[in-house]
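A closer look at the structure
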Amino acid sequence: MKYEVTAMLWKPIAEALLEDSDRILYVTRIADNRLIYINGPAKLECGLPEDDTSYEGQLCHKLLHGYDEPCPHCKRSMINHQDFYRWRFYHEADGMHYWVKDKIITINGEDCHLQLAEHMTEQLENERKIQRELEKERILLSCVKTLESRMRTQEAVDSLLEIVTRYFNGDRAYLFEFDYENQVTNNTFEWAAAGVEKEIDVLQNVPLEVIQTWIDAFRHVGSFYISDLDENVDRSSETYRILEMQGIRSLIAVPLEQDGQIIGFFGVDNPRKNYEDISLLSSISVFILNALEKRAYHATLEKLSYEDGLTGLYNRHRFNHTVEELQKKPPQQLGIVFADLNNLKYTNDTYGHEAGDSLIRTAARIIRQVFGELTFRVGGDEFVAMRTDTDEEGLRGLIADMNALMEAHRANVSVGYSYRSGNTDALSQTDEADNAMYAEKLLYRKQHSKR
């Protein structure tokens, strides 16, 4: 049955159009679900020409949605004559979202279903983009706060990596730093999700040539995303072998660049969401670089606080700290050697302070060469060496080696030592060695009193 388009027919429709003229509109007779009217935007959705009227009398669920039976999502049981029923609909066939308004209107004495629909896909996408941007800003702010906290650099960066891993729903996040002098790279920071094995211990001193393709990519394109290991990486390459060994199928990598040089990279393994947000990692990398600079600065300060500027040996501050540590955790055996450089004043007075400094550096070099790391300059002409890995005979042998080298370089030291195996006591042994050295120093002065 066709309806004659009369003023009576158009009046309720026109009223609705005045309210929502820019939206998809259709009217269906409730009794048999057959279409009475669809507007231009609705025809466009159905692929019908603007002047087409072939829709009249067709089943609404068949023409509009392709269903043989009434639509399962139809809200007819929930609508009335008074108010619009508002709801949201997702059309699976075209992947579009709609805001929908339904109402019952009367045409020629019959109840009809009026539906108005408006595309909301773009709106939803914009909302999602805004939400993603807000979430990115939240993550970035959280990362910045973490790095600016009072935590140590190690703890702060580890916490940051946890935040990043969770945002990307990845397996692990990490930092690699390049050592161009030794042509290797080291995994210096890592955070792994529960159940994911950490790889930091095995990723030390990796030759830079192994990741040369990555370095080239960093230089030419900056950050990159490996979406599929098999498709994006040469299977015969060392890079493929290393990634496959770790169970890495995809990853994001962002270079760490300082003064125009790539000094490492920041990455996430197997990201399962938000992997398009590489720019977030790039932003975070700026703050990571700042944290690494702070770490280097503090390391320099620590080195200066523990190192003697003239000789490179540890200074008295470090010596006192070492004694305290050995008191807290006494070793099974401990040998402490005090050595006082003889004739330093004579050298300074006769040949000048540059010659005296040269003599001090020579003595320091010999002591370090013979005794190893735990060597200290604790005064102008006074040195201390410690060993925890030798017996007394071995310690005497080291002292003899030192004296021989000193003589070969025209230097001379007064020596005293203390050795214990079991019941070691760094504090009292320090006094014993110092007293023994002082006694030998007095003897040396008596024997060379004319000088």
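Everything discussed here concerns the structure shown above.
Residues numbered from 1 in each chain as written. Predicted model: local features only at pLDDT ≥ 70, side-chain atom pairs only at ≥ 80, totals over all residues. Heavy atoms only, no water.

Quick notes on empty space enclosed by the protein
Under the criterion given, the structure shown has one cavity of 30 Å³ or more. Considering the residues around the largest cavity, the lining is formed by 19 residues, among which Phe 176, Trp 214, Ile 242, Leu 243 and Gln 246 are closest to the centre. Broken down by secondary-structure element, the contributors of at least two residues to the lining of the largest cavity are β6 (172-179), β7 (184-192), α8 (238-245) and β11 (261-269). Tallied by class, the residues present in the lining of the largest cavity amount to eleven nonpolar, four polar and four charged. (1 Å grid on protein atoms, 1.4 Å probe; cavity = no way out; pocket = protein on both sides within 12 Å on 5 of 7 lines; lining within 4 Å. Points joined across faces, edges and corners; volume = space filled by probe spheres on them. Helix = DSSP H or I, 4+ residues; strand = E, 2+ residues; numbered from the N terminus. Nonpolar A, V, L, I, M, F, W, Y, C, P; charged D, E, K, R; others polar.)

Points about the sheet that holds strand β5 (residues 110-119)
The strand order across the open sheet built from five strands is β2-β1-β5-β4-β3, with neighbouring strands paired in antiparallel fashion. If you trace the sheet from one side to the other, it starts and ends with β2 (34-38) and β3 (85-91), each paired once. Between one strand axis and the next, the sheet turns by 30° as a mean value, whatever way the strands run. Pairing of β3 with strand β4 (residues 96-107), which is carried by seven bridges, proceeds in the antiparallel orientation. Each residue of the ladder has a partner; that of Tyr 90, found in β4, is His 97. (Pairing = 2+ DSSP bridges. Axes fitted to C-alpha atoms, helices over the stretch in contact; angles between N-to-C directions.)

Some thoughts on the layout of surface pockets
Approximately 460 Å³ is the volume attributed to the largest pocket. As for the largest pocket, its lining consists of 28 residues, and the residues nearest its centre are Tyr 26, Leu 64, His 65, Phe 89 and Gln 115. Residue assignment for the lining of the largest pocket shows that the elements contributing at least two residues are β1 (24-29), α2 (40-46), α3 (60-65), β3, β4 and β5. It is α3 that provides the largest number of residues to the lining of the largest pocket, a total of five residues. Its volume calculated, the second largest pocket comes out at about 340 Å³. Elements represented by at least two residues in the lining of the second largest pocket include exactly β12 (333-341), α11 (344-351) and α14 (426-447). Taken together, the residues that form the lining of the second largest pocket break down as six nonpolar, three polar and eight charged.

Side note on the nonpolar core
Core analysis: the largest hydrophobic core is formed by 26 residues, its most contacted members being Leu 161, Val 164, Leu 175, Leu 256, Phe 266, Leu 281 and Ile 288. For this core, the secondary-structure elements that each account for two or more residues are α5 (153-168), β6, β7, β10 (251-258), β11 and α9 (278-306). (Core = buried A, V, L, I, M, F, W, Y, C linked by side-chain atoms within 4.5 Å. Buried < 20%, exposed > 50% of the residue type's maximum accessible area, 1.4 Å probe, protein only.)

Re the packing of α5 against α9
With their axes 11 Å apart at the nearest point, α5 and α9 run at an angle of 170° to one another. By the criterion of interaxial angle, the relationship of α5 to α9 is roughly antiparallel. Along the contact surface, α5 presents Thr 153, Leu 160, Val 164, Tyr 167 and Phe 168, while α9 presents Leu 280, Leu 281, Ile 284, Ile 288, Ala 291 and Arg 295. Considering only residue class, the contact of α5 with α9 consists of nine nonpolar, one polar and one charged. (Parallel < 35°, antiparallel > 145°, perpendicular 65-115°, else oblique. Contact = heavy atoms within 4.5 Å.)

Here we look at the packing of helix α12 (residues 353-371) against helix α13 (residues 392-408)
Where α12 meets α13, the axes come as close as 10 Å, and the angle between the chain directions of the two elements is 150°. For the element pair α12 / α13, the angle class is roughly antiparallel. When the axes of α12 and α13 are compared, the crossing they make is right-handed. Contacts between α12 and α13 pair Ala 363, Ile 366, Ile 367, Gln 369, Val 370 and Phe 371 from the former with Leu 395, Leu 398, Ile 399, Asp 401, Met 402, Leu 405 and Met 406 from the latter. Within the contact of α12 with α13, the residues separate by chemical class into eleven nonpolar, one polar and one charged. (Left-handed = near helix turned anticlockwise from the far one by under 90°.)

Regarding the sheet that holds β10
Ordered in space as β8-β7-β6-β11-β10-β9, the six strands form an open sheet in which the pairing is antiparallel. Only two strands of the sheet have a single neighbouring strand rather than two, namely β8 (206-207) and β9 (224-226). Strand direction decides the pairing type here: β7 and β8, joined by two bridges, are antiparallel. Across the sheet, the residue bridging to Val 184 is Pro 207, located in β8.

A short note on the packing of aromatic side chains
Going through the model one piece at a time under the given rule, you end up with 17 aromatic pairs. Measuring from centroid to centroid gives 6.4 Å for Tyr 174 and Phe 265, while their planes differ by 90°, and the two rings are edge-to-face. With a gap of 91 residues between them, Tyr 174 in strand β6 and Phe 265 in strand β11 connect regions that are remote in the sequence. Assigned by exposure class, Tyr 174 and Phe 265 land together as buried. An aromatic cluster is defined as three or more aromatic residues linked by ring pairs; in this entry it consists of Tyr 174, Phe 176, Phe 178, Tyr 180, Trp 214, Phe 218, Phe 224 and Phe 265. The ring of Trp 99 has Arg 88 lying over it, and the distance from NZ or CZ to the ring centre is 5.9 Å. The ring of Tyr 314 is capped by Arg 318, whose NZ or CZ atom sits 4.2 Å from the centre of that ring. (Phe/Tyr/Trp six-rings, centres within 6.5 Å; stacked < 30°, edge-to-face > 60°. Lys NZ or Arg CZ within 6 Å of the ring centre and 35° of its normal.)

Re α13
Over its 17 residues, α13 runs 24 Å from end to end, which matches the ideal 24 Å to within 8%, given 1.5 Å per residue. Turning to α13, its buried residues are Leu 395, Leu 398, Ile 399, Met 402 and Met 406. All buried residues of α13 lie within an arc of 100° about the axis, which places them on one face of the element. Seen from the buried face of α13, the exposed residues on the opposite side, beyond 90 degrees, are Glu 393, Glu 407 and Ala 408. The elements touched by buried residues of α13 are β12, α12, β14 (382-387) and β15 (413-421). Just downstream of α13, Arg 410 is the residue with a positive phi angle, here 60°. (Expected span 1.5 Å × (residues − 1). Arc of directions from axis to C-beta.)

Some points on the pattern of salt bridges
Under the defined criterion, the tally for this structure stands at 18 salt bridges. Residues Glu 199 and Arg 172 are paired through a salt bridge, measuring 4.0 Å at the closest nitrogen-oxygen approach. In this pair, Glu 199 sits in the loop between β7 and β8 while Arg 172 sits in strand β6, placing the two residues 27 residues apart along the sequence. Grouping residues by exposure puts Glu 199 and Arg 172 together as buried. Salt-bridge contacts for Asp 340 lead to Lys 441; the nearest nitrogen and oxygen are separated by 2.5 Å. Remark: Lys 441 occurs in helix α14 and Asp 340 occurs in strand β12; sequence separation between them is 101 residues. Relative accessible area serves as the criterion here: at 8%, Lys 441 is assigned to the buried category. (Salt bridge = Lys/Arg side-chain N within 4 Å of Asp/Glu carboxyl O.)

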